[in-house]
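Results of the structural survey
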Amino acid sequence: MIASRYFARLGGGALALIAAVGWQTAGQAQDDGALAIELNKLESTEQGCRSSFLFDNQTGHELNRFQLDLVLFDPEGVAAKQVVLDMAPLYADKKLLTSFLLDEASCDKIGSILINSVPMCENGAGNAVDCIGLLEVSSRSEVPLEK
């Protein structure tokens, strides 16, 4: 009874504030989860070094726009090349294996790969998502993938 009188004195403004806080919390929960990126394989071909990446979107929502800024380092640790990859769309709760030519040189010229940034990451509603905080990276290759 006392609690109901207290909320009655606060009026509609308090309910709007409580609803807004609840709405914001629900939006933040939507960004929880992980976006796993695995460097699955590097393969030297006649065209150069072909990579296979496995993406596992466990964020709970589709990523309509998603770009990765990668820096390739040579075996001595010197930055050798920078590439931006457009990987969208990444569907919610779905794995995706994608393959592309990383470099014209053979794979033994790559010592490590750094995810330098995520220049673009938007959910299905067109809202920006902080994907760097959601990234979990790994490598099955001898070449490490780092963030």
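Throughout what follows, the structure given in this document is the object of discussion. (Residues numbered from 1 in each chain as written. Predicted model: local features only at pLDDT ≥ 70, side-chain atom pairs only at ≥ 80, totals over all residues. Heavy atoms only, no water.)

**So, the sheet that holds strand 4 (residues 79-86)**
Read from one edge to the other, the open sheet built from 4 strands follows the order 4-3-6-8, with strand pairing classed as mixed. In this open sheet, the two edge strands, each paired with only one partner strand, are strand 4 and strand 8 (145-146). Sheet topology note: the strand 6 (residues 112-123)/strand 8 ladder contains 2 bridges and is parallel. Along strand 8, the bridge assignment pairs Leu 114 with Glu 146. (Pairing = 2+ DSSP bridges. Helix = DSSP H or I, 4+ residues; strand = E, 2+ residues; numbered from the N terminus.)

**A look at the pattern of salt bridges**
In the structure shown here, the tally under the stated rule is 3 salt bridges. For Glu 38, the salt bridge identified is with Arg 140, shortest N-O distance 3.0 Å. Within this pair, whereas Glu 38 is found in strand 1 (residues 34-44), its partner Arg 140 is found in the loop between strand 7 (135-139) and strand 8, the two being separated by 102 residues in sequence. What makes Glu 38 buried here is its relative accessible area of 12%. Assessed through its relative accessible area of 64%, Arg 140 is described here as exposed. Put simply, Glu 122 and Arg 65 hold a salt bridge, and the shortest N to O gap is 4.0 Å. You can see Glu 122 sitting in strand 6 and its partner Arg 65 sitting in strand 3 (residues 63-73), a full 57 residues away along the chain. Judged by relative accessible area, Glu 122 falls into the partly exposed class, the value being 22%. (Salt bridge = Lys/Arg side-chain N within 4 Å of Asp/Glu carboxyl O. Buried < 20%, exposed > 50% of the residue type's maximum accessible area, 1.4 Å probe, protein only.)

**Structural notes on the pairing of strand 3**
For strand 3, a buried count of 9 out of 11 residues is recorded, marking the element as mostly surrounded by other parts of the structure. As judged from the 7 bridges shared by strand 3 and strand 4, these two strands associate in the antiparallel manner. Residue pairing across strands places Leu 70 opposite Val 83, the latter belonging to strand 4.

**A short note on the sheet that holds strand 7**
Here 4 strands make up an open sheet; going across it, the order is 5-2-1-7 and the pairing mixed. A single partner strand is all that each edge strand has here, and the edge strands are strand 5 (94-103) and strand 7. Averaged over all adjacent pairs, the angle separating strand axes in this sheet is 20°, with direction ignored. (Axes fitted to C-alpha atoms, helices over the stretch in contact; angles between N-to-C directions.)

**A word on the nonpolar core**
Ranked by internal contacts, the top residues of the largest apolar core, which has 30 residues, are Ile 37, Phe 66, Leu 70, Leu 102 and Ile 113. Within the residue set of this core, elements represented by two or more residues are strand 1, strand 2 (49-58), strand 3, strand 4, strand 5 and strand 6. Those residues in contact with Ile 113 that sit more than four places away from it in its chain are Leu 39, Leu 70, Val 71, Leu 72, Leu 102, Val 143, Pro 144, Leu 145 and Glu 146. (Core = buried A, V, L, I, M, F, W, Y, C linked by side-chain atoms within 4.5 Å. Contact = heavy atoms within 4.5 Å.)

**Here's the deal with the side chain of Thr 98**
On the secondary structure map, Thr 98 appears in strand 5. Each residue touching Thr 98, except ones within four places of it in the same chain, is listed here: Ser 51, Ser 52, Phe 53, Phe 55 and Met 87.

**So, the state of the cysteines**
Throughout the structure, instances matching the rule amount to 2 disulfides. Here Cys 49 pairs with Cys 107 through a disulfide, and the sulfurs are 2.1 Å apart. Across the S-S bond linking Cys 49 and Cys 107, the dihedral sits near 105°, which makes this disulfide right-handed. Taken together, the residues span a long stretch of sequence, with Cys 49 in strand 2 and Cys 107 in the loop between strand 5 and strand 6 at a distance of 58 residues. By relative accessible area, which is 9% here, Cys 107 ends up buried. Bridging Cys 121 to Cys 131, the disulfide has an S-S length of 1.8 Å. Separated by 10 residues along the polypeptide, Cys 121 in strand 6 and Cys 131 in the loop between strand 6 and strand 7 bring together distant segments of the chain. A relative accessible area of 6% places Cys 121 in the buried class. (Disulfide = S-S within 2.5 Å.)

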